[in-house]
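So you can see what is in the structure, the chains are spelled out below.
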Amino acid sequence: MNIARGSVVEEPALVDALVGGRLAGAALDVFADEPYVPPALHDLDTVLLLPHIASATRETREAMGDLAFRNLRRFMSDGTLLTPVPAPGSSR
């Protein structure tokens, strides 16, 4: 068993291990290039693909909503965010 973020798993190696029978199966809900799923994974009967639902608890969703509201309130007051996300390709 491996529990990791999508960027930690080498997807080509995972596909190779599944196709070659060295790995019995995989259940995935995150991918290295979210939201894109490697096409090879779609065709394997030994793979279960799910939307990212690991954070689907009431407490987590409430915290996410609270943070979104706090970001909105901050942005409306001074134009900044508590949790800014850099634009693709920019360095932080």
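Predicted model, so just to flag it, every value in this text is computed and none were measured. (Residues numbered from 1 in each chain as written. Predicted model: local features only at pLDDT ≥ 70, side-chain atom pairs only at ≥ 80, totals over all residues. Heavy atoms only, no water.)

*Asks:* Just to check I follow, could you spell out the overall build of the protein chain for this structure?
*Replies:* Each helix and strand counted, the protein chain has 3 helices and 2 strands in total. Secondary structure elements in the protein chain, listed N-terminal to C-terminal, are α-β-α-β-α. Buried residues in the protein chain amount to 17% of all 92 residues. Here the contacts in the protein chain between residues at least 6 apart in sequence split such that 25% fall between residues at least 24 apart. Here the protein chain displays about 7,300 Å² of accessible surface, and carbon together with sulfur accounts for 59% of that area. (Helix = DSSP H or I, 4+ residues; strand = E, 2+ residues; numbered from the N terminus. Buried < 20%, exposed > 50% of the residue type's maximum accessible area, 1.4 Å probe, protein only. Contact = heavy atoms within 4.5 Å. Areas by Shrake-Rupley, 256 points an atom, 1.4 Å probe, with all protein chains shown as cover.)

*Asks:* Hey, could you run me through the nonpolar core in this one?
*Replies:* A general tendency of soluble globular proteins is for nonpolar side chains to be buried together. Ranked by size, the top nonpolar core spans 9 residues in total: Leu14, Val15, Leu18, Ala26, Leu28, Phe31, Leu41, Leu44 and Val47. Those elements that place two or more of their residues in this core are helix 1 (11-19) and strand 1 (26-28). Among the elements that take part in this core, helix 1 stands out by supplying 3 residues, more than any other. Beyond its immediate sequence surroundings of up to four residues, Ala26 is in contact with Leu14, Leu18, Thr46, Val47 and Leu48. (Core = buried A, V, L, I, M, F, W, Y, C linked by side-chain atoms within 4.5 Å.)

*Asks:* Any chance you could explain helix 1 here in plain terms?
*Replies:* For helix 1, the complete set of buried residues consists of Glu11, Leu14, Val15, Ala17 and Leu18. All buried residues of helix 1 lie within an arc of 165° about the axis, which places them on one face of the element. For helix 1, the exposed residues lying more than 90 degrees away from the buried face are Pro12 and Val19. On its buried side, helix 1 packs onto strand 1, helix 2 (39-42) and strand 2 (47-49). (Arc of directions from axis to C-beta.)

So far we have only geometry, and geometry alone does not tell us how the molecule works.
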